[in-house]
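The chain contents come next:
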Amino acid sequence: MEHLRRVRDFEQMKILADSRRLEILRLLMARPMTLSQLGLVFNEHPARVRHHVKQLEKAGLIEMVGTKVVRGFVEKYYRAKASAFLLQEIILPAEANHSLTILGSHDLALEAVAEHLRQRSHSPLELLVLPIGSLEGLIALRQGAAQIAGCHLLDAASGEYNLPYVRHIFPDREMNLITFAHRAQGLLVAPGNPKHIKELADLARSDVVMINRNRGSGTRLWLENQFARLSVPVEALNGYRREVRTHTAVAEAVYQRKADVGLGLQAAARQQGLDFIPLFEERFDLALPHELLADKLLQPLLDYLASAPFRKLIASLEGYSPAHSGDQLSP
């Protein structure tokens, strides 16, 4: 058994977003247990626990370590593959009466909004915006480490952004999505495009070195889905394991010639004077519990999202569209 394992895999993070599976993992970190023993803990039939155990086993988080015949039946013992798992680390203020914590995807406009609200003398609201990735932001929201999550997760099966993930992670809670903006993403390359990169498939060339986004980010998920469709193993891409947490860092790596290309926002390319090859437009949403909509603390943010200055700000960023900003969706 490993001492400490950092959870970076997308599927593993999805599995642990379920509170029941997270609790089973914690029990199996303490000692090996059977389905019958877990059933007694949760006061449920072992068959109902089995589904969660199999999901954890499939994700590589637990393993079968032995069997024992009990009253003519073979009982399987399972245990966790590590003594501790690290998902996310964050330290927040002890008192946050005038602040909202937004964890999730990196967004240039959201950073600008946070700075705008911070400078308003008549508004006590401060937005604490930390880019950790779309999926990890939703998990942090589920675990109470944030009030809002910023996300742009595309569900490949339905073609829908964010809603399927929110339904999966919050099946027992009423949630809302507020459309923040639509954004253009594509390939960021050096001025003049010296490697003559034209499409996503060019990242598989042996002479091209990429810079990647962190696991759990919507950008990386989109990239991996596309290469799966192309039947290209992402591990074979030069630079695939080099990760950065923001679109700005992707642009800086390309600008400094530390990489030939990276997938990111058109606005980030413009900031660094890079060339940009558009690939897709996405919807960036703010996910929050429904009850937060009635909280007075949120009102300055909602008011600003509905204002003309906000739409002017969005329109000033290349590749951003405010056409549906402020729209609300209920999963």
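Up top you'll find the structure we're talking about.
Parameters and conventions
Residues numbered from 1 in each chain as written. Predicted model: local features only at pLDDT ≥ 70, side-chain atom pairs only at ≥ 80, totals over all residues. Heavy atoms only, no water. Core = buried A, V, L, I, M, F, W, Y, C linked by side-chain atoms within 4.5 Å. Buried < 20%, exposed > 50% of the residue type's maximum accessible area, 1.4 Å probe, protein only. Helix = DSSP H or I, 4+ residues; strand = E, 2+ residues; numbered from the N terminus. Contact = heavy atoms within 4.5 Å. Arc of directions from axis to C-beta. 1 Å grid on protein atoms, 1.4 Å probe; cavity = no way out; pocket = protein on both sides within 12 Å on 5 of 7 lines; lining within 4 Å. Points joined across faces, edges and corners; volume = space filled by probe spheres on them. Pairing = 2+ DSSP bridges. Phe/Tyr/Trp six-rings, centres within 6.5 Å; stacked < 30°, edge-to-face > 60°. Expected span 1.5 Å × (residues − 1). Salt bridge = Lys/Arg side-chain N within 4 Å of Asp/Glu carboxyl O. Axes fitted to C-alpha atoms, helices over the stretch in contact; angles between N-to-C directions. Parallel < 35°, antiparallel > 145°, perpendicular 65-115°, else oblique. Left-handed = near helix turned anticlockwise from the far one by under 90°. Nonpolar A, V, L, I, M, F, W, Y, C, P; charged D, E, K, R; others polar. Polar contact = N/O pair within 3.5 Å; in protein donor to acceptor, adjacent residues only side chain to side chain.

Caption draft 1: Seen up close, the nonpolar core. In terms of nonpolar packing, the biggest core is built from 43 residues, with Leu127, Ile148, Phe180, Leu298, Leu301 and Tyr320 touching the most fellow members. Broken down by secondary-structure element, the contributors of at least two residues to this core are β5 (99-104), α5 (108-119), β10 (175-189), α9 (247-255), α10 (266-272), β14 (275-289), α11 (299-305) and α12 (308-316). Top contributing element to this core by residue count: α5, with six residues. Once you skip the residues sitting within four places of it in the chain, Leu127 turns out to touch Leu100, Ile102, Val113, Ala114, Leu117, Arg118 and Leu301. If you look at the next biggest cluster of nonpolar residues, it comprises 40 residues, including Ala82, Phe85, Ile169 and Phe170.

Caption draft 2: Examining helix α3 (residues 35-42) more closely. Residues of α3 that are buried include every one of Leu35, Leu38, Gly39 and Phe42, and no others. Looking straight down α3, one finds that the buried residues subtend no more than 105° of arc, so they occupy a single side. One or two positions beyond α3, positive phi appears at Asn43, with a value near 55°.

Caption draft 3: Structural view of the layout of surface pockets. As a volume, the second largest pocket reaches approximately 180 Å³. Looking at the lining of the second largest pocket, the elements with two or more residues in it are α3 and β3 (73-80). Of all the elements, β3 adds the most residues to the lining of the second largest pocket, at four residues.

Caption draft 4: Highlighting the pairing of strand β2 (residues 62-70). Pairing of β2 with β3, which is carried by eight bridges, proceeds in the antiparallel orientation. Within β3, the position partnered with Val69 by the bridge is Val74. Hairpin connection between β2 and β3: a loop of two residues separates the two successive antiparallel strands, and Arg71 in this loop has a positive phi of roughly 50°.

Caption draft 5: The side chain of Ser217, seen in detail. Relative to the assigned elements, Ser217 resides in the loop between β11 (210-213) and α8 (218-229). Apart from residues lying up to four places away in sequence, Ser217 is in contact with Gly133 and Ser134.

Caption draft 6: Quick peek at the packing of aromatic side chains. According to the stated counting rule, one finds four aromatic pairs in the structure shown. The interplanar angle of 85° and the centroid separation of 5.8 Å between the aromatic rings of Phe180 and Phe284 together place this pair among those described as edge-to-face. Of this pair, Phe180 sits in strand β10 while Phe284 sits in strand β14, and the two are 104 residues apart along the sequence. Phe284 carries the same exposure label as Phe180, and that label is buried. Chaining the aromatic ring pairs together yields one cluster made of Phe180, Phe284, Tyr304 and Phe310.

Caption draft 7: Just helix α4 (residues 46-58), in detail. Taking 1.5 Å of rise per residue, 13 residues should cover 18 Å, and α4 covers 18 Å from first to last C-alpha, within 8% of that figure. Every buried residue belonging to α4 is among Val49, His52, Val53 and Leu56, and all of these are buried. Taken from the residues just after α4, Gly60 is the one with a positive phi, measuring 80°.

Caption draft 8: Focus on the pattern of salt bridges. In total, this model carries 15 salt bridges according to the counting rule given. A network of salt bridges, in which partner residues are shared, links Asp107, Arg183 and Glu282.

Caption draft 9: A look at unusual backbone geometry. Residue Asn43 is not a glycine yet carries a positive backbone phi of 55°. Inspection of the secondary structure assignment puts Asn43 in the loop between α3 and α4. Judged by its relative accessible area of 71%, Asn43 falls in the exposed class. One non-glycine residue, Ser231, lies in positive phi territory at about 60°. Examined against the element boundaries, Ser231 turns out to sit in the loop between α8 and β12 (243-244).

Caption draft 10: Molecular detail of the packing of α5 against α12. The geometry of α5 relative to α12 is characterised by a closest axis approach of 10 Å and an angle of 140° between their N-to-C directions. With respect to each other, α5 and α12 are oriented oblique. Between α5 and α12 the crossing geometry is right-handed. From α5, Ala109, Ala112 and Val113 reach across to α12, where they touch Phe310, Leu313 and Ile314. For the contact of α5 with α12, the per-class residue count stands at six nonpolar, no polar and no charged.

Caption draft 11: Fine view of the packing of α3 against α4. Between α3 and α4, the shortest axis-to-axis distance is 8 Å and the interhelical angle comes to 105°. Viewed along their axes, α3 and α4 adopt a mutual orientation that is roughly perpendicular. Facing α3, whose interface residues are Leu35, Ser36, Leu38 and Gly39, α4 presents Pro46, Val49, Arg50 and Val53. In terms of residue class, the contact of α3 with α4 is made up of five nonpolar, two polar and one charged.

Caption draft 12: The arrangement of the environment of Ser231 in detail. Since its relative accessible area comes to 66%, Ser231 is described here as exposed. Separated by 155 residues in the primary sequence, Ser231 and Lys76 place their C-alpha atoms 37 Å from one another.

Caption draft 13: Summary view of the side chain of His106. In this structure, His106 sits in the loop between β5 and α5. One polar contact links His106 to Glu111, side chain to side chain, over a distance of 3.0 Å. One polar contact links the side chain of His106 to the main-chain amide nitrogen of His247, over a distance of 3.1 Å. Discounting residues that sit within four places of it in the chain, His106 has contacts with Glu111, Pro131, Arg183, Arg213, Arg245, Thr246, His247 and Thr248.

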